[in-house]
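The primary structure of each chain is shown beneath.
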Amino acid sequence: VSFGVRNFENTEKGLKEIYRVLKPGGLLTILEFSHPTSFPMKQLYHIYFTVICPLAGRIISKNDRAYTYLHESVAAFPSGQNFVNILNKTGFKKYLMESTKLRHFYHIQRLKIILVILILTGAGKASGQALNKPFYDYDRFIHFGFTLGFNYSTLKYNFSNTWYHQHPADTIMRVSAQGTAGFSLGVVSDLHLGPPKSFLRDHFDLRFIPTLVLTERDLVYTMKDSSIETKKIESAFVDAPVLLKMKSDRFGNIRFYVIGGAEYSYDLSSTAGAAVNPSNPKIALAPSNISYQYGVGLDMYFPYFKFSPEIKISQGLNNVLAPQNTIYTNIFSRLRSNFVYFSLYFEG
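The structure presented is a predicted model; accordingly, all values stated were derived computationally and were not measured. Residue positions are counted from 1 within each chain, in the order its sequence is given. Local features in a predicted model are, by the rule used here, given only for residues with pLDDT of at least 70; side-chain atom pairs are given and counted only at 80 or more, and totals for whole chains, interfaces and linings are based on all residues. Side-chain numbers here rest on the full set of heavy atoms in the structure, without hydrogens or water.

Draft legend 1. Spatial organisation of the nonpolar core. Residues grouped as a nonpolar core are buried Ala, Val, Leu, Ile, Met, Phe, Trp, Tyr and Cys residues, joined through side-chain atoms within 4.5 Å. Exposure classes here rest on a 1.4 Å probe applied to the protein chains alone. A residue is buried below 20% of its type maximum, exposed above 50%, and partly exposed in between. I172, L219, Y221, I283, L285, I331 and F332 are the most contacted members of the largest nonpolar core, which has 16 residues in total. Labels follow the DSSP assignment, with helices taken as runs of H or I lasting at least four residues and strands as runs of E lasting at least two, numbered in each case from the N terminus. Element by element, the count of residues in this core is highest for strand 5 (residues 211-223), at 3 residues. By definition in these notes, contact holds between two residues if any of their heavy atoms fall within 4.5 Å. The contact partners of L285, leaving out residues within four places of it in the chain, are L155, R217, I233, S270, T271, A272, V320, A322 and L335. Listed in part, the 8 residues of the second largest apolar core include V5, I18, I86 and F92.

Here is the structure:
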């Protein structure tokens, strides 16, 4: 049953009927949507189903209600262990539950992915190949594009005096910061500096790249009784970096560059100033973050666009710890946000 069980009027009764007609030793396979729980898939999933799908339905089919129902039916469907419990209740005793992950997508699409990588990496290697976009830096004063990519974020911390002067009754024995993969999507504005055909124009650009960054950081506490407590910090940043791009000479359709500058970020998900739940206190971070950035990349010129893979490091400068007077925050004097970005740029 593919994407149909969630449409049963009564899930339990429907599964009981399937069990009744299934021959002894028969196999039931169910393919259904689930609810992502990790960052950033959870946020992207929510945006796709609540914004993109209804909008597409309104534009293409003139019936956004049909696409709104899709999200409602998925949200109401008992996924994961809850669905397994229903299967057990209706008579199914042996089961295997498998979630689709990126490795499954790669296994299915690996030939296409490898082919695209070979095409991209071979953009400027062919001997005698025509020079793509030879006047790219001269035909316009400014170029635009978009970027998408992944990020890895973690927190750098400094302990406070509270940590160093703990008494025997204190409960936290050890703490570590862990990061997870996130997602980035932005718009590129690239300003070419200097007059045409000058050294400045050939080798320097000023870039402004407003970007939406979804990420998650974890603070993992080892308690006195050896139990582990994890405090998740989910963030949705609006980044505003201003970067200077320094480019090498072109080698056919390839050019190396380094980049550096400063960035201001605002966390739309910040809970700083919110009331603290005594039974389950969360870690709150201040919304504003200032950082410096540096990285390297490769411009690859194609007939109709420029493609640039880039790796960039971002080091936070300001303290983003929001005081809450809990055992989880009092041990810190300072928290800073650090990022590693892998981005793909597409510019016309």
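Draft legend 2. Spatial organisation of helix 1 (residues 11-21). Regarding helix 1, the residues found buried are T11, G14, L15 and I18. The arc that holds the buried residues of helix 1, viewed along the axis, is 95°, so those residues lie on one side. Across from the buried face of helix 1, at angles greater than 90 degrees, the exposed residues are K13 and R20. In the core, the buried residues of helix 1 are packed alongside helix 4 (81-89). Polar contacts, as counted here, are pairs of nitrogen or oxygen atoms within 3.5 Å of one another; within protein the pair requires one atom able to donate a hydrogen and one able to accept it, and residues that are adjacent in sequence qualify only if both atoms are side-chain atoms. At the N-terminal boundary of helix 1, the capping side chain belongs to N10, with an oxygen 3.2 Å from the backbone nitrogen of E12. By construction, the arc corresponds to the directions joining the helix axis to the C-beta atoms.

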